[in-house]
Amino acid sequence: MKTRNYISLTIMYLSIMGEKSRNDWRAEEVKNKQVILRDYVSGYPKESDMYIVTSTINKLKVPEGSNGVLVKNLYLSCDPTMQFRMRKNPHSPSHQSESYVPGSPINGFGVAKVLDSGHAEFSAGDLVWGTTSWEEYSLIQNPEQLKKIHHTDVPLTHYTGILGMPGITAYAAIYEVGLPKKGECVFISAASGAVGQIAGQFAKLLGCYVVGSAGTQQKINLLKNKFGFDDAFNYKQEPDLDAALKRCCPEGIDFYLDHVGGKMLDAVLLNMKVHGRIAICGMISQYNLDEPELLRNVMLLALKRLTVKGFTHRDYHHLYPKILELVLPYIRDKKIFYVEDIVEGLENGPAALVGLFTGRNFGKQIVALPPQ
């Protein structure tokens, strides 16, 4: 989404004098805490690249004539691709949005409640998910990109994950790109993350043999004991990734969902079956290297007649009703589990976001904002 479509309420409303209203949410002198980008970054972002400000909003109301919506943000999603937008030129095939603007709030996916609306499709009280700014209150000028939340019998936090962008990504990986079949071996890197944990459970429901990799023993236990993976290994404790894959996938890999790239992808190429498939939706190990790691086994793409496809969730949002139809019953029947790592308070958002890049999070990383 275009950065310019998300305008700071502080700028919009500092000059507007509000009147007392019967609704508490329109009371005067409302504080709006925000996470501000200090300046463009290079490499991994640091907490010091962001700072917190608290401004005063005089009136929580959509400006007259606007078709935007005013929301109270409830949950904010921490996603790895947000780091690209902190750069002046976010050159990345996995992210096509414009850079954030230094001195302005960062933005990303989140769950919010509509407080006031100038758009015919949204009303006060609606719950929505989509792109919003990292602040307590946001004026969203292009609400067409928001999705209404109609199913509230599941946790609202799920709309940052399994019922949001990560869920769309996982669905696309398994049901549109990889198409694994019963009995096939599926390997997923970064398997305990926001996308991997869902994709692995989808593959298990299809009757596949599923193996994952993660970076701590706690996460390995989660994969095997909570999500039902058949096997998993801690890549940080494996001196030979090829040997680890041969141990866990002795007959070879039919489908690989890649979130990591680099040495892991190179080792996977050695272990793919003939006519195997590889779906690439991320390469987190390569994002901040001065020089990307070389793939030494790339010739195996030809020798094994492998199919490799890169993809992004952006191409599959039109399938969202179909995704809900599949996933909601699984959640309600406890056939799929989703682990979330929730931190409280916008002031803890920068640390939570930065923690993604060291694997500090345990499950889907979310920032919870206090209710009104």
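The structure this text deals with has already been given above.
Position numbers for residues count from 1 along each chain, tracking the sequence in the order it is written. Whole-chain, interface and lining totals are the exception, using all residues; otherwise, since this is a predicted model, local features are given only for residues with pLDDT of at least 70 and side-chain atom pairs are given and counted only at 80 or more. For the side-chain quantities, the full set of heavy atoms in the structure was used; hydrogens and water were omitted.

A. Local environment of unusual backbone geometry. The phi dihedral of Leu 179 is positive, around 50°, even though this residue is not glycine. Each helix is a run of H or I in the DSSP string that is no shorter than four residues. Each strand is a run of E no shorter than two, and both are numbered from the N terminus. Residue placement: Leu 179 occurs in the loop between α2 (165-178) and β9 (185-188). Look at Arg 305: it is not a glycine, yet its phi comes out positive at around 55°. You can see Arg 305 is positioned in the loop between α7 (300-303) and β14 (307-310). Summary of the burial criterion: residues with accessible area below 20% of their type's maximum are buried, those above 50% are exposed, and those between are partly exposed, where the area comes from a 1.4 Å probe applied to protein chains only. Accessibility expressed as a relative area gives 46% for Arg 305, which makes it partly exposed.

B. Spatial organisation of the packing of helix α5 (residues 241-248) against helix α6 (residues 262-271). Close contact between α5 and α6 brings their axes to 9 Å; oriented N to C, the two are set at 50°. Overall, the two elements α5 and α6 adopt an arrangement that is oblique. Along this stretch, α5 crosses α6, giving a crossing that reads as right-handed. Here α5 contributes Leu 241, Asp 242, Leu 245 and Lys 246 to the contact with α6, which in turn contributes Lys 263, Met 264, Ala 267, Val 268, Leu 270 and Asn 271. Residue classes in the contact of α5 with α6 are distributed as six nonpolar, one polar and three charged. Axis definition: a line fit to C-alpha positions, over the contact stretch in the case of helices; interaxial angles, taken between N-to-C directions, run 0 to 180 degrees. Here roughly perpendicular refers to angles of 65 to 115 degrees, roughly parallel to angles under 35, roughly antiparallel to angles over 145, and oblique to all remaining angles. Less than a right angle of anticlockwise turn of the near helix away from the far helix marks a crossing as left-handed, whereas a clockwise turn marks it as right-handed. Note on contacts: a residue pair is in contact if any heavy atoms of the two residues lie within 4.5 Å. Ten residues, namely Ala, Val, Leu, Ile, Met, Phe, Trp, Tyr, Cys and Pro, are considered nonpolar, four, namely Asp, Glu, Lys and Arg, are considered charged, and the remaining ones, Gly among them, are considered polar.

C. Representation of the pattern of salt bridges. Note on definitions: salt bridges are taken to be side-chain nitrogens of Lys or Arg within 4 Å of carboxyl oxygens of Asp or Glu. One pass over the full model with this rule turns up 13 salt bridges. Residue Lys 148 pairs with Asp 126 through a salt bridge whose shortest N-O separation is 3.7 Å. Taken as a pair, Lys 148 in strand β8 (residues 147-148) and Asp 126 in the loop between β5 (107-117) and β6 (127-133) lie far apart in primary sequence, 22 residues in all.

D. A look at the sheet that holds β14. Whether two strands pair depends on DSSP finding at least two bridges between them. Pairing is parallel across the open sheet formed by six strands, whose spatial order is β11-β10-β9-β12-β13-β14. Edge positions in the open sheet fall to β11 (231-234) and β14, since each of these has one partner strand only. Direction aside, neighbouring strands of the sheet carry axes that sit 15° apart on average. In terms of strand pairing, β9 meets strand β10 (residues 209-214) through four bridges, oriented parallel. Each bridged residue has a counterpart across the sheet, and for Cys 185 the counterpart in β10 is Tyr 209. Each of β12 (253-258), β13 (272-280) and β14 touches α2; the most contacted strand, β12, lies at about 135° to it. Packed onto the sheet, α5 meets β9, β10, β11 and β12 and runs at close to 165° relative to β11.

E. Spotlight on the pairing of strand β16 (residues 364-368). Among the five residues in β16, five count as buried, and that is most of the element. Residues Lys 364, Ile 366 and Ala 368 of β16 are buried on one face, and the alternating residues Gln 365 and Val 367, pointing to the opposite face, are buried as well. Relative to β16, strand β4 (residues 69-77) runs antiparallel, the two being bridged by three bridges. Bridging from a neighbouring strand, Ser 77 pairs with Ile 366 of β16. Where strand β15 (residues 340-344) lies against β16, five bridges are found, and the strand directions are parallel. When the bridges of β16 are listed, Asp 341 appears paired with Gln 365.

F. Structural detail: the nonpolar core. If you look at the biggest cluster of nonpolar residues, it comprises 53 residues, and the most contacted ones within it are Leu 163, Phe 202, Leu 257 and Phe 311. With nine residues, the single largest contributor to this core is α2. With residues near it in sequence (within four places) discarded, Phe 311 still touches Thr 169, Ala 172, Ala 173, Val 177, Leu 257, Ala 279, Ile 280, Cys 281 and Tyr 316. The criterion is simple. A nonpolar core is a set of buried Ala, Val, Leu, Ile, Met, Phe, Trp, Tyr and Cys residues joined through side-chain atoms within 4.5 Å. Within the second largest apolar cluster, 22 residues are counted, among which are Phe 187, Val 260, Leu 265 and Ala 267.

Read these as spatial facts, not as claims about activity.
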